[in-house]
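# Observations on the model geometry
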Number of protein chains: 2
Amino acid sequence: MPRSTPELRVLPLRLREEVAPGDSLPELLQRAAKQSRQTFRAGDILVVKHKIVSKAEGRWVELEKVKPTAASRAWASRYGLDARVVEVALAESRRIVRRTRGVLITETRHGFICANSGVDVSNVNGGKHALLLPKDPDATAAKIHRALKKRLGVHIPVILADSFGRPWREGLTEAAIGVAGMKPLQDHRGLRDPHGYRLNASVDAVADSLACAAGLVCGKLERTPACIVRGFRYEAAPGSARPLLRPAQNDLFR
Amino acid sequence: MPRSTPELRVLPLRLREEVAPGDSLPELLQRAAKQSRQTFRAGDILVVKHKIVSKAEGRWVELEKVKPTAASRAWASRYGLDARVVEVALAESRRIVRRTRGVLITETRHGFICANSGVDVSNVNGGKHALLLPKDPDATAAKIHRALKKRLGVHIPVILADSFGRPWREGLTEAAIGVAGMKPLQDHRGLRDPHGYRLNASVDAVADSLACAAGLVCGKLERTPACIVRGFRYEAAPGSARPLLRPAQNDLFR
């Protein structure tokens, strides 16, 4: 049962270098911690923006080489979009959720529902490439988690985060797309509140909230691709982002 | 243009007392800060869980006195729900978004889309009352903001937060339902990333992310109804949660 929480701290990890395909993420992140004068401690959680992961994994597509279909070209030109990016987004999807008024919401192969399959042309290299989501974000999170354990001897849960839009509400918030070393959801059902009332619908998406807290520190225009979150009482577990995805049969908005 | 962000801190404000109708929220929050040995500083943001606001405003309904319609009774009994709570949720809504398999998603009179119009029976008084959302969360946030300014001479933005579910993803995260003293969205469109690429879809729902960061500290089972968030570079403004609500004509999931 959770006790009262201490102060939470979100410590930015800055990285001077550009990330290139083949780079070792654990090494980069340790270097970023060193450059930021931070050390990993027991209890810390590491949140990493997905972009450096995608870059290290070489997950980009040269836009010049993409040949969009006639349908993608027609739709893109109607809404002033880049047809090649639309084409890449469709190729990365397993299902179109909505394609309306220039907005393309897809379900990615991983099962994330987001705009343009998470394909991104900002913060890459001036718009020549489209950056894809990491291939297997859970596996990458687990790899970083294991490497930190091996190098530092400390259990550090790892969350990979991307900025997603949401129905009904404007603006982006962060979502956990890969999780290792902790439970992504904390379940308070069955516990009683201070009045003795049994809590009903209290499952918290703590991995998403941790990603959002980190997002306040990992700015979009800054070279701060990761953060340490210190002071959150996570529940240790192998971890995965999959429990955050609502199964289609329980979802009312597909 | 945002510079690199310093460390973010989320400081819990604990409150020993129960909140009762008619209580002064600025007074309660100042007392909570004092009991938690915190002081408000320039640059701080105050995040308040909506429940103590609703309690102070006497926004509850005695469930014994609610007479559910036959339709509410039938639907509730089919899914093992309390028909009186369903009835209160419907009364608080201006539109039903979905009513499927025991899940009732409504648009509240304020324009929030959430389960059961935000009506809550946990953490109230053992299940005898249903707690409604604050009547005008923006107005309450502004009132607290002005009172803190007057008492302390410091500009402290105020965010009122509630836990909402989301389509596609499991678990609750926090949403800002009232905002005063800062912009709820930060717009990076037109700015250029470190590669010179113009950012397209980069509007961040910072008020929601701040609410999520606070939610990690304001636990459900603890008497920690508020937090100070320190170290976030907000953009000062009169503030409102309304810009966070996507207009119906731009929303693909209503």
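To be clear, the structure that these remarks concern was listed above.
Residues numbered from 1 in each chain as written. Chains lettered and ligands numbered in written order. Predicted model: local features only at pLDDT ≥ 70, side-chain atom pairs only at ≥ 80, totals over all residues.

## Focus: the packing of helix α1 (residues 25-35) of chain A against helix α5 (residues 137-152) of chain A
All names here are of chain A. In the contact formed by α1 and α5, the axes pass within 9 Å of each other and the chain directions differ by 60°. Accordingly, the angle class assigned to the pair α1 and α5 is oblique. By crossing handedness, the relation of α1 to α5 is classed as right-handed. Of the residues in α5, those in contact with L25, P26, L29 and Q30 of α1 are I144, A147, L148 and R151. Each residue belonging to the contact of α1 with α5 can be placed in one class, and the counts come to 6 nonpolar, 1 polar and 1 charged. (Axes fitted to C-alpha atoms, helices over the stretch in contact; angles between N-to-C directions. Helix = DSSP H or I, 4+ residues; strand = E, 2+ residues; numbered from the N terminus. Parallel < 35°, antiparallel > 145°, perpendicular 65-115°, else oblique. Left-handed = near helix turned anticlockwise from the far one by under 90°. Contact = placed C-beta atoms within 7 Å. Nonpolar A, V, L, I, M, F, W, Y, C, P; charged D, E, K, R; others polar.)

## Regarding the pairing of strand β12 (residues 226-230) of chain A
Residue and element names in this part refer to chain A. Burial analysis of β12 places 4 of its 5 residues in the buried class, the great majority of the element. Summarising the sheet, strand β1 (residues 8-13) and β12 pair through 5 bridges and their orientation is antiparallel. Across the sheet, residue R9 finds its bridge partner in β12, namely R230. (Buried ≥ 20, exposed ≤ 12 C-beta atoms within 10 Å, placed from the backbone. Pairing = 2+ DSSP bridges.)

## Section: the sheet that holds strand β6 (residues 113-115) of chain A
All names here are of chain A. If you walk across this open sheet you meet the 3 strands as β4-β5-β6, and the pairing is antiparallel. Looking along the sheet, the strands with just one partner apiece sit at the ends: β4 (93-100) and β6. Taken pair by pair, the neighbouring strands of this sheet meet at an average axis angle of 25°, ignoring direction. Here β4 pairs with strand β5 (residues 103-108) via 6 bridges, running antiparallel. Within the sheet, the bridge partner assigned to R98 lies in β5 and is I105.

## Considerations on the pairing of strand β5 (residues 103-108) of chain B
Residues and elements named next belong to chain B. Linkage of strand β4 (residues 93-100) to β5, two consecutive antiparallel strands, is achieved through a turn of 2 residues, within which R101 is found at a positive phi near 45°. Taken together, the 3 bridges between β5 and strand β6 (residues 113-115) define a ladder with antiparallel strand orientation. Of the residues in β6, the one forming a bridge with I105 is A115.

## Some thoughts on helix α1 (residues 25-35) of chain B
Residue and element names in this part refer to chain B. Every buried residue belonging to α1 is among L25, L28, L29, A32 and A33, and all of these are buried. Buried positions in α1, seen along its axis, are confined to an arc of 140° and lie on one side of it. Exposed and facing more than 90 degrees away from the buried side of α1 are E27 and K34. Structurally, α1 contributes buried residues whose contacts are with β1 (8-13), β2 (45-49), α2 (50-56), α5 (137-152) and β12 (226-230). Immediately downstream of α1, the backbone of R37 shows phi near 55°, a positive value. (Arc of directions from axis to C-beta.)

## Considerations on the sheet that holds β2(B)
Reading across the sheet, the 10 strands line up as β9(A)-β8(A)-β2(A)-β12(A)-β1(A)-β1(B)-β12(B)-β2(B)-β8(B)-β9(B) and stay open at both edges, with mixed pairing between neighbours. Each edge of the open sheet carries a strand with a single partner, namely β9 (173-180) of chain A together with β9 (173-180) of chain B. Direction aside, neighbouring strands of the sheet carry axes that sit 25° apart on average. Packing against the sheet, α5(A) makes contact with β8 (158-164) and β9 of chain A, and its axis sits at approximately 65° to β9(A).

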